[in-house]
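Structural overview
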Amino acid sequence: MEHYQVAIIGSGPAGFTAAIYTSRALLKTIIFEGMQPGGQLTITTEVENYPGFAEGIQGPELMEIFRRQAKRFGTETRYETIKKVDFSVRPFLLFTEADKGYSADAVIIATGASARRLYAKGEEKFWGYGISACATCDGFFFKNQKVFVIGGGDSAMEEAIYLTHFAKSVTIIHRRGEFRASKIMVQRAKNNPKIDFLLHTVVEEFLGEEKGPAKKLTSIRIRNVNSNEEQIIQADGVFYAIGHTPNTEIFKPYLEMDQNGYIITKGKSSATNIPGVFACGDCQDPVYRQAVTAAGSGCIAAIDAERWISEHYK
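Everything in this summary refers to the structure shown in the same document. None of the values given here were measured: they were computed from a predicted structure.

**Considerations on the packing of aromatic side chains**
The tally for this structure, following the rule as stated, stands at 15 aromatic pairs. Ring geometry for F87 and F251: centres 6.2 Å apart, planes at 5 degrees, overall stacked. Within this pair, whereas F87 is found in the loop between β6 (82-86) and β7 (92-96), its partner F251 is found in the loop between β18 (244-246) and β19 (277-279), the two being separated by 164 residues in sequence. There is no split in this pair, since F87 and F251 are both buried. Here the aromatic cluster, defined as three or more aromatic residues joined through ring pairs, consists of F87, F92, F251 and Y254. One residue, K28, lies across the ring of Y4, its end atom 4.7 Å from the ring centre.

Written out as structure tokens, the structure is:
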């Protein structure tokens, strides 16, 4: 069983930033990249809001830069997924899908969160090419265009209102006639002249243009759930606001989480209820979910882990 001072589970901006810091602190570090090496940014096309890239950068390219920087300082990377952990013993134990075991003095969890999907026809094809789950990240790309927001909670109202700063029109699609959102948020959306509503409606298919590797969403096929009537309407962009699921299932036997599965950390630190286990990025952040905030929390987790190791392993 290979032993490391720090094991990092997850490889988005949070995980790689943590690896850069722990490796520079001369701690023997391994990072398990998991099912989606590089995290959600690897399925993001243009990234324009990450500091330091004045002209923007492609998501996969940005994550490859993160990876190279971590490896430069000695981080070992594994394209493996951790399927089971044991935080009841010291050192902590981690097991991959291939049943290979690792041990670590400290563990940093950076497994992120996944946007909930509709799994409608064409969704996978146009994800990142007109379909997004983050208005803050991608709204800028839809200036003077016709966009839709799917959802009925506060986040759907917030996303729709935010998108009116850029889009020509915003339509909220909701499968029911009533909203889960608070009355004040619904009223704010209704009062906005740029926002319309399509109620009792679901998206059945995403349609668009494909020219070689280039893809572009152009329309959606929708269905009224009461009448079953279908129609195809123009759509330049569609934003999902149906929630995120933190990738934290394997840690539930050990770590304190909120009702939605986000790992609870203590105060402004990255410390969990298990001393020596730290969490950063979207797996413990249900609010901001930005690459730059994830990277910042990865730095915090690395510093917390380094200090904890120096106190407990002389």
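Okay, back to it.
**Some points on the pairing of β7**
Of all five residues that make up β7, five are buried, and the element is covered over most of its length. Where β6 lies against β7, four bridges are found, and the strand directions are antiparallel. The residue bridging D86 from the neighbouring strand is L93, located in β7. Joining the antiparallel neighbours β7 and strand β8 (residues 101-109) is a turn of four residues, in which D99 adopts a positive phi near 65 degrees.

**Concerning the state of the cysteines**
Tallied over the entire structure, the rule returns one disulfide. Paired through a disulfide, C134 and C137 show a sulfur-sulfur distance of 2.2 Å. On the S-S bond that ties C134 to C137, the torsion sits near 70 degrees, and the link is right-handed. On the basis of relative accessible area, C137 is assigned to the partly exposed category, the value being 26%. The structure places no disulfide on C280, whose sulfur is separated from the nearest cysteine sulfur, that of C283, by 6.3 Å. Residue classification places C280 among the buried residues on the basis of a relative accessible area of 0%. The structure places no disulfide on C299, whose sulfur is separated from the nearest cysteine sulfur, that of C280, by 10 Å.

**Re the packing of helix α1 (residues 13-24) against helix α7 (residues 291-312)**
Interaxial distance between α1 and α7 falls to 7 Å at its minimum, and their mutual angle equals 35 degrees. For the pair α1 and α7, the crossing hand works out as right-handed. Of the residues in α7, those touching α1 at P13, A14, T17, A18, Y21 and T22 are A291, A294, A295, S297, G298, C299, A302 and I303. Tallied by class, the residues present in the contact of α1 with α7 amount to 10 nonpolar, four polar and no charged.

What counts and what doesn't
- Residues numbered from 1 in each chain as written.
- Predicted model: local features only at pLDDT ≥ 70, side-chain atom pairs only at ≥ 80, totals over all residues.
- Heavy atoms only, no water.
- Phe/Tyr/Trp six-rings, centres within 6.5 Å; stacked < 30°, edge-to-face > 60°.
- Helix = DSSP H or I, 4+ residues; strand = E, 2+ residues; numbered from the N terminus.
- Buried < 20%, exposed > 50% of the residue type's maximum accessible area, 1.4 Å probe, protein only.
- Lys NZ or Arg CZ within 6 Å of the ring centre and 35° of its normal.
- Pairing = 2+ DSSP bridges.
- Disulfide = S-S within 2.5 Å.
- Axes fitted to C-alpha atoms, helices over the stretch in contact; angles between N-to-C directions.
- Left-handed = near helix turned anticlockwise from the far one by under 90°.
- Contact = heavy atoms within 4.5 Å.
- Nonpolar A, V, L, I, M, F, W, Y, C, P; charged D, E, K, R; others polar.

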